[in-house]
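The primary structure of each chain is shown beneath.
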Amino acid sequence: MQPPAVAIDYFIVLSAVLFIMGVLGVLVRRNAIMIFMSVELMLNAANLSLVAFARQWGNMNGQLAVFFVITIAAAEVAIGLALIVAIFRSKKSIDVDELNMMQG
Amino acid sequence: MTVELVLFIVVAAVAIFSAALMLVSRNAVHSALFLVVNLLCVGFFYLMLAAPFLAMVQITVYAGAIVVLFLFVIMLLGSERLGGRPAKYGWVASGAVVLTSAFLIVAFIAILQGNIEGLKPIEPAPQGRFVHAIPGAPAVDVYLNDERIVEKAAYGQTTALMALPTGERNVLVYPSCTNEDPAQCPNPITSGSAPIAAVPVRFEAGTTTTYIIGGTVQAPQLISVPTTRAPIEADNTMRLTVVNALPDTTVNFVQLNAENPAANETLAEGLAFGGVSGVVTLPRGAYEFDWNQGERRLVAVRGWRGEAGNHHVFVLMAEEVPVAAGEPTTRPVNAHLPPVEAEKAFGGPQRLGEELLSRYLLPFELVALLLLATMVGAIILTREEVIRRERRRLVVSPAIKRINRAVPIDVKAEPVASAALPEPDRQPEPSGD
């Protein structure tokens, strides 16, 4: 297999940057839907690095891991959004700062 | 700077900007649309990294299904406009920025020092198979240095592909022991018996080779035929290699054209004994070939049908015939070795499907089950009656009812009961229904 046209390092750096932005979104934003979108951003960054390493090693395992991550991300979004809808119906808000009913 | 690098920088900039805009935008619908841009950029990177199938999945599942779900929920809840209320934990934002920048710096240092480019992938072990093509010779064993890799291969038999060690080895061919009892068979290496053939061969990593033990018992020869397993670019084509393992001949290999004999095509010309043709790529289908020596036809191949995606090997070799006075003891024959299947293209749907249905079958099934559970879970979570029932239970749970029934006479005990279960009393009933 030919070596990749663009060095893998660049992809890994980009993936790290995107991941950090996702972390920032989870920590800073207070809207539950925005937090979910940031989680998707983080999953995507991890996927990008997995595909980059799969290319570097000429090994399909990385791509299969990405396939599973995408599937599980879809499941996670479905359940997460259903939870958000349920919470919104009972509390009329999806601000995570106000979801403190578990604190006692 | 190559075109690819420029393209990478442009798309990476778009990806980072769209992610940043997604984080800062106040309108959730805008955020979701910026997320789509970001996901499409990542899909483009998948294409650059030889993962075309995943790129398509990324676009359909992520940019399609998941973001549509997001948009649907945002609009269902009417929460496009966000914020307004002051943050309860405002100090988290500055702390998060500092910590994530520190983490980013650490990640950069790790990537730089990790020397990812310097890590070379482990080359796959060389693969090989052996073909016994010496007429009149007994079944043979093949040894690499002192390790037996082939046992009792009879004439005309082709072994399965096997992994071989990398580097230079002595290939030794010995006649197999005919004794029934394996304990009676001496090790030919230690007992010092003479091999039929002894050839030093260099095994290169990542190659697939067919080794034909041809010639005669007096003058055997090991013919190496490169049999590539690299993915075939065009659909519905196959590879063909022809080998002359018939001693003292020089032959041509001709593809016959049934309609027009003048358009016969010579695929290999002047193959001497031990000669191997180049790899010919042909569309799949029925073919007729001739092995010719000069003008004389030695062997005809008729009604042969080649399957796509395989590497076929034809060997012209000698076959023993029953002895009759004045007749030669051997005659030429065409052997079609078992075809070697080419690997599917890296990152393509076929390769991914093969892996999913073989090594990753259990995780695949588990993920399917998980999706089923998710479906049921999402339906249950969003059912109206469930939410209403939960709310009712929150206000008057059977436990409170029982306590109320037991306690009201004792007025002094009431604050104790409410202290034990403060939650239902303090929680105001959600307004609106």
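Since the structure is predicted, the reported quantities are computational estimates derived from the model, not experimental observations. (Residues numbered from 1 in each chain as written. Chains lettered and ligands numbered in written order. Predicted model: local features only at pLDDT ≥ 70, side-chain atom pairs only at ≥ 80, totals over all residues. Heavy atoms only, no water.)

## With respect to the overall build of chain B
Helices and strands together make up the secondary structure of chain B, namely 11 helices and 17 strands. Nonlocal contacts in chain B, meaning residues at least 24 apart in sequence, comprise 62% of its contacts between residues at least 6 apart. Surface exposure of chain B reaches about 24800 Å², of which carbon and sulfur atoms provide 60%. (Helix = DSSP H or I, 4+ residues; strand = E, 2+ residues; numbered from the N terminus. Contact = heavy atoms within 4.5 Å. Areas by Shrake-Rupley, 256 points an atom, 1.4 Å probe, with all protein chains shown as cover.)

## A word on the pairing of strand β12 (residues 280-283) of chain B
Residues and elements named next belong to chain B. Side chains of β12 alternate between two faces, with V280 and L282 buried and T281 and P283 left unburied. The pairing of strand β9 (residues 237-244) with β12 spans 4 bridges and is antiparallel. Bridging across to β12, R239 finds its partner in T281. (Buried < 20%, exposed > 50% of the residue type's maximum accessible area, 1.4 Å probe, protein only. Pairing = 2+ DSSP bridges.)

## With respect to the domain arrangement of chain B
With domains assigned, chain B is organised as domain 1 (3-83 + 90-118), domain 2 (123-178 + 188-226), domain 3 (230-345) and domain 4 (359-389). Computed over C-alpha atoms, the centres of domain 2 of chain B and domain 4 of chain B are 56 Å apart. (Domains from an automatic or database assignment.)

## Topic: the packing of aromatic side chains
Residue and element names in this part refer to chain B. Summed over the entire model, instances satisfying the criterion amount to 19 aromatic pairs over all chains. Between F8 and F45, the aromatic rings sit 5.3 Å apart at their centres with planes inclined by 50°, giving tilted as the arrangement. Taken together, the residues F8 in helix α1 (residues 3-24) and F45 in helix α2 (residues 28-48) connect sequence positions 37 residues apart. For the pair shown, F8 and F45 are each scored as buried. Ring plane angle 65° and centroid distance 6.3 Å describe the contact between F44 and F45, whose orientation is recorded as edge-to-face. Of the residues examined, F45 reaches a relative accessible area of 0% and is grouped as buried. An aromatic cluster is defined as three or more aromatic residues linked by ring pairs; in this entry it consists of F253, Y287, F289, W291, W304 and F314. (Phe/Tyr/Trp six-rings, centres within 6.5 Å; stacked < 30°, edge-to-face > 60°.)

## Some remarks on the pattern of salt bridges
Residue and element names in this part refer to chain B. As enumerated under the stated definition, the model contains 11 salt bridges over all chains in all. As a salt-bridge pair, E341 and K344 come within 3.6 Å of each other at their nearest N and O atoms. A residue is classified by how much of its surface remains accessible, and E341, at 45% relative accessible area, is partly exposed. Salt bridges sharing common partners tie together D141, R148 and E151. (Salt bridge = Lys/Arg side-chain N within 4 Å of Asp/Glu carboxyl O.)

## A few points about the interface of chain A and chain B
Counting from both sides, the interface comprises 77 residues of chain A and, opposite them, 87 residues of chain B. Approximately 7500 Å² of surface area, both sides summed, lies buried where chain A meets chain B, with 77% of it carried by carbon and sulfur atoms. The interface formed by chain A and chain B includes 0 salt bridges. Taken together, the links from chain A to chain B amount to 8 residue pairs in polar contact (both at pLDDT 80 or more). (Buried area = accessible area lost by both parts, 1.4 Å probe. Polar contact = N/O pair within 3.5 Å; in protein donor to acceptor, adjacent residues only side chain to side chain.)

## A look at the nonpolar core
Ranked by size, the top nonpolar core spans 74 residues in total, and within it I33 and M37 of chain A together with Y46 of chain B carry the most contacts. No other element matches the 12 residues that helix α3 (residues 52-77) of chain B contributes to this core. Among the nonpolar cores identified, the runner-up in size contains 21 residues, and M238, V242, L271 and Y287 of chain B belong to it. (Core = buried A, V, L, I, M, F, W, Y, C linked by side-chain atoms within 4.5 Å.)

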